[in-house]
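Structure assessment
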Amino acid sequence: MSNKRSRSEIVTIVTVSHSFTAISDQIATYFVSENSTLYLCDACLTFFASENHLVQHITDCAHLFWVPGNEIYRNKEKKFCVYEIDGRNLQSFLFLRRLGILTRFFLPEKVTLDDVHFFAFYALFEVDDYGFHFVGYFSKEWRKNSACVNTLSCVMVLPPYRAKGYGSFLGELSYELARQDGMVGTPERPLSGSGKLLFRKVWKGEVLRAIHLIDSSKSVVTLNTLCQMTGLIVEDVLVGLEDLGIMFTRNKQSPFIILLEEKKTALNKRRLQPQLLQWVPC
Ligand SMILES: [Zn+2]
């Protein structure tokens, strides 16, 4: 470790199957070795300074097939699963601290390392014969404010797994959990650049599905019903409608929304399969 290192620099993170770059900030830099390469166990999220240390560690890593939380979702066909990890649970403290350090390399402004007890973490892993491979996660505050709920606080997907739909899946999952909890909410602001892009896609999908369901039941589509069905706040519903290019006209009570046939094709793109979710609100 060098205390002469600049405050931010590009580092390479190497796992057993991937290599990707990241930006180290003031805290994350402390973990970077002299050659700016870090070796990461993608099961327990421990960093090592050399490949040899990583290889030795993997032979007896306690997290290869164990995550300190409850499995709430498993897609056997696509071989990935999601665990809910309670930040208030002492058993999860070290894992979440390592998750926080990893996140500092990608979202330094969103993460502090000392407040995990305020949050639940929903961590996604790909699974194969060698164990769990961390893909990404989102966090969510336990605290519920009746005025407006943050459905999600921070979301991150590691670079090798981006553009595979995992970000959209995590966004959809955050809303599914909020709906099952009977909440209407929105992601914590401010959103990062990638967060804005991600959620515009998620809002569009959620609004489209709700319109389709209402339309199928021959009911009138209004902003109020869309908020209730999606769990989105009205501002996010409006962004979704705008991005969908859906026409609506105002009558005396509320807007009418018309779903054009060609828009329905986007309905097939949903990543989340609610029937695979095993979760009850606490
Ligand atoms: Zn490990």
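On a predicted model such as this, the values are computed, not experimentally measured, just so you know. (Residues numbered from 1 in each chain as written. Predicted model: local features only at pLDDT ≥ 70, side-chain atom pairs only at ≥ 80, totals over all residues.)

Notes on the overall build of the chain
Each helix and strand in the chain was counted, giving six helices and 13 strands. Counting across all 282 residues of the chain, residues that qualify as buried make up 34%. Of the contacts made within the chain by residues no fewer than 6 positions apart, 56% connect residues no fewer than 24 positions apart. (Helix = DSSP H or I, 4+ residues; strand = E, 2+ residues; numbered from the N terminus. Buried ≥ 20, exposed ≤ 12 C-beta atoms within 10 Å, placed from the backbone. Contact = placed C-beta atoms within 7 Å.)

Looking at the confidence of the model for the chain
On average, residues of the chain carry a pLDDT of 86, and 84% of them reach 70 or more. Taken element by element, the chain is modelled with least confidence in strand 12 (residues 247–250), mean pLDDT 58, and with most confidence in strand 6 (residues 80–86), mean pLDDT 97. Segment residues 1–5: pLDDT under 50, and four contacts once partners within four positions in sequence are set aside and those in other chains are kept. (pLDDT = per-residue confidence, 0-100.)

Focus on unusual backbone geometry
Of note, the bond from Arg-189 into Pro-190 is cis; its omega dihedral lies within 30 degrees of zero at 0°. Position of Pro-190 among the secondary structure elements: in the loop between strand 11 (185–187) and helix 4 (193–216). Phi at Leu-45 takes a positive value of approximately 70°, unusual for a residue other than glycine. Of note, Leu-45 is situated in the loop between strand 3 (37–40) and strand 4 (47–48). Despite not being glycine, Ala-163 has its phi angle at roughly 65°, a positive value. Tracing the backbone through its elements, the reader meets Ala-163 in the loop between strand 10 (154–157) and helix 3 (166–180). For Ala-163, a count of 9 C-beta atoms within 10 Å puts it in the exposed group.

Quick notes on helix 2 (residues 93–104)
In this model helix 2 runs 17 Å from its N-terminal to its C-terminal C-alpha over twelve residues, within 8% of the 16 Å that 1.5 Å per residue would give. Taken as a whole, helix 2 has its buried residues at Phe-95, Leu-96, Arg-98, Leu-99, Gly-100, Leu-102, Thr-103 and Arg-104. Looking at the buried residues of helix 2, the elements they touch are strand 6, strand 7 (119–128), strand 8 (131–141) and strand 10. (Expected span 1.5 Å × (residues − 1).)

Things to note about the packing of helix 3 against helix 4
Where helix 3 meets helix 4, the axes come as close as 9 Å, and the angle between the chain directions of the two elements is 55°. By the criterion of interaxial angle, the relationship of helix 3 to helix 4 is oblique. Relative to helix 4, the crossing made by helix 3 is right-handed. Two secondary-structure elements touch here, helix 3 through Gly-167, Ser-168, Gly-171, Glu-172 and Tyr-175 and helix 4 through Leu-198, Phe-199, Lys-201, Val-202 and Glu-206. Residue composition of the contact of helix 3 with helix 4, grouped by class: four nonpolar, three polar and three charged. (Axes fitted to C-alpha atoms, helices over the stretch in contact; angles between N-to-C directions. Parallel < 35°, antiparallel > 145°, perpendicular 65-115°, else oblique. Left-handed = near helix turned anticlockwise from the far one by under 90°. Nonpolar A, V, L, I, M, F, W, Y, C, P; charged D, E, K, R; others polar.)

What to know about the sheet that holds strand 7
If you trace the five strands from one edge of the open sheet to the other, you get 5-6-7-8-10, paired in antiparallel fashion. This sheet does not close on itself; its edge strands, each paired only once, are strand 5 (70–75) and strand 10. Across the sheet, the mean angle from the axis of one strand to that of its neighbour is 20°, orientation sign disregarded. Relative to strand 7, strand 6 is paired through seven bridges, and the arrangement is antiparallel. What sits directly across from Phe-80, in strand 7, is Glu-126. Running at roughly 45° to strand 8, helix 3 makes contact with strand 6, strand 7, strand 8 and strand 10 of the sheet. (Pairing = 2+ DSSP bridges.)

Some points on the sheet that holds strand 3
Reading across the sheet, the four strands line up as 2-1-3-4 and stay open at both edges, with mixed pairing between neighbours. Each of the sheet's edge strands pairs with one partner strand only, and the pair in question is strand 2 (19–24) and strand 4. As defined by bridge partners, strand 1 (residues 9–14) adjoins strand 2 across six bridges and the pair is classed as antiparallel. Bridged to Thr-12 within strand 2 is Thr-21.

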